[in-house]
Amino acid sequence: MRIDIITIFPEYLDPLALSLPGRARERGLLDIQVHDLREWTHDRHRTVDDTPYGGGAGMVMRPEPWGEALDSVCTEESVVIVPTPSGEVFDQGRAAALSAERHLVFCCGRYEGIDQRVIDEIADRWRLAELSLGDFVLNGGEVAALAITEAVVRLIPGFMGNPDSLVEESHADGLLEYPVYTKPASWRGRDVPEVLLSGHHGNVARWRHEQAVERTRARRPDLER
Ligand SMILES: COC(=O)c1ccnc(N)c1
């Protein structure tokens with residue numbers, strides 16, 4: 001998979017060089033390129049924003065630099081992701097679908113947003129995904145691009161050292177994950193549930209499923225089937 005991220009704060013994406021994505025890059029599973037949107041400006045001040053038509057506070061990102069950046073980066077197989085609070089809510093199912101794609105392009109907006117004609121241009125020429133991390137506002141799309149990238153690339157076949165660890169994750173089966181324990185068996189007077197020390201795999205599996213159902217019911221009734 002190749003991922004291109006276009007932003008006016010490229011250093012915000014430095015964490016992608018660490019840990020999982022860094023190792024996958026070395027193994028050739030993943031190629032991530034971060035681009036400064038100002039590469040596609042031509043004025044002395046490298047201007048990327050201007051005042052909004054119709055008035056109002058703040059600034060809007062100009063369409064020209066975005067248009068040139070997308071012309072330069074996108075191909076016919078690109079999925080162009082625009083992180084925005086007004087997008088569809090990103091979830092594990094979407095992460096799995098995106099992990100099967102060959103090319104993701106992230107457009108990280110700042111200010112009051114990107115001129116709508118850029119979004120319309122993307123929708124006409126490539127596959128557009130306007131995605132939200134949830135009902136809250138950030139100062140820019142970079143944090144969301146980091147989160148979406150991590151959620152997606154860890155699902156790429158061959159990416160995780162132990163693929164078994166992906167099977168019982170939260171949301172993988174539509175439920176929240178069960179509670180986990182490790183040594184010591186007793187800690188500050190708190191004991192590990194007996195069933196987990198029993199060595200009876202059937203009982204352990206049953207207990208874990210019951211815990212996942214109970215936790216989902218309590219915290220995320222919207223996920224209940
Ligand atoms: C500028 O982008 C955002 O504020 C944003 C992006 C994705 N999800 C959100 N909840 C907010």
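Keep in mind that this is a model prediction, so the values were computed, not measured.

Parameters and conventions
Residues numbered from 1 in each chain as written. Predicted model: local features only at pLDDT ≥ 70, side-chain atom pairs only at ≥ 80, totals over all residues. Heavy atoms only, no water. Pairing = 2+ DSSP bridges. Helix = DSSP H or I, 4+ residues; strand = E, 2+ residues; numbered from the N terminus. Axes fitted to C-alpha atoms, helices over the stretch in contact; angles between N-to-C directions. Buried < 20%, exposed > 50% of the residue type's maximum accessible area, 1.4 Å probe, protein only. Right-handed = clockwise from strand over helix to strand, strands pointing away. UniProt positions renumbered as here; feature names shortened; annotations may be inferred. 1 Å grid on protein atoms, 1.4 Å probe; cavity = no way out; pocket = protein on both sides within 12 Å on 5 of 7 lines; lining within 4 Å. Contact = heavy atoms within 4.5 Å. Near = heavy atom within 4 Å. Polar contact = N/O pair within 3.5 Å; in protein donor to acceptor, adjacent residues only side chain to side chain. Areas by Shrake-Rupley, 256 points an atom, 1.4 Å probe, with all protein chains shown as cover. Sits in = over half its atoms within 2 Å of the grid points. Nonpolar A, V, L, I, M, F, W, Y, C, P; charged D, E, K, R; others polar.

1. A few points about the sheet that holds strand E2 (residues 31–36)
Here comes step 1: In space, the 5 strands of this open sheet follow the order E2-E1-E6-E5-E7, with parallel pairing throughout. In the strand order of this sheet, the two ends are held by E2 and strand E7 (127–132), each with one partner. Adjacent strand axes in the sheet meet at a mean angle of 25 degrees when their direction is disregarded.
Here comes step 2: With 5 bridges connecting them, strand E1 (residues 2–7) and strand E6 (residues 103–107) associate as parallel partners. Residue pairing in the sheet places Ile6 in a bridge with Cys107 of E6.

2. Comments concerning the pairing of E6
Here comes step 1: Of all 5 residues in E6, 5 are buried, a share of seventy percent or more.
Here comes step 2: Across 4 bridges, the pairing between strand E5 (residues 78–89) and E6 is parallel. Residue pairing across strands places Ile81 opposite Phe106, the latter belonging to E6.
Here comes step 3: Traced from E5 through helix H3 (residues 92–99) to E6, the parallel crossover comes out right-handed.

3. A short note on the UniProt feature "binding site: S-adenosyl-L-methionine" (unreviewed entry) in the protein chain
Here comes step 1: UniProt tags Gly109, Leu133, Gly134, Asp135, Phe136, Val137 and Leu138 as "binding site: S-adenosyl-L-methionine" (unreviewed entry). The annotated residues that sit in the lining of the largest pocket are Gly109, Leu133, Gly134, Phe136, Val137 and Leu138.
Here comes step 2: Residue placement: Gly109 occurs in the loop between E6 and helix H4 (116–125).
Here comes step 3: In this view, Gly109 contacts Met61, Ile114, Asn139, Gly140, Gly141 and Glu142; residues no more than four positions away in its chain are not counted.
Here comes step 4: For Gly134, the position within the fold is in the loop between E7 and helix H5 (142–153).

4. Things to note about the site of the ligand
Here comes step 1: Within the structure, the ligand sits among 13 residues, and Leu133, Gly134, Phe136, Leu138 and Gly140 are positioned closest to it.
Here comes step 2: In the model, a nitrogen atom of the ligand is placed 3.5 Å from a nitrogen or oxygen of the Ser132 side chain.
Here comes step 3: Note that a nitrogen atom of the ligand is positioned 2.8 Å from one of the backbone N or O atoms of Phe136.
Here comes step 4: Starting from 300 Å² of accessible surface for the ligand in isolation, the protein chains cover 93%.
Here comes step 5: Spatially, the ligand is embedded in the largest pocket.
Here comes step 6: Contributions of two or more residues to the shell around the ligand are made by E5 and E7.
Here comes step 7: No other element matches the 3 residues that E5 contributes to the shell around the ligand.
Here comes step 8: Residues that form the shell around the ligand fall into these classes: 8 nonpolar, 5 polar and no charged.

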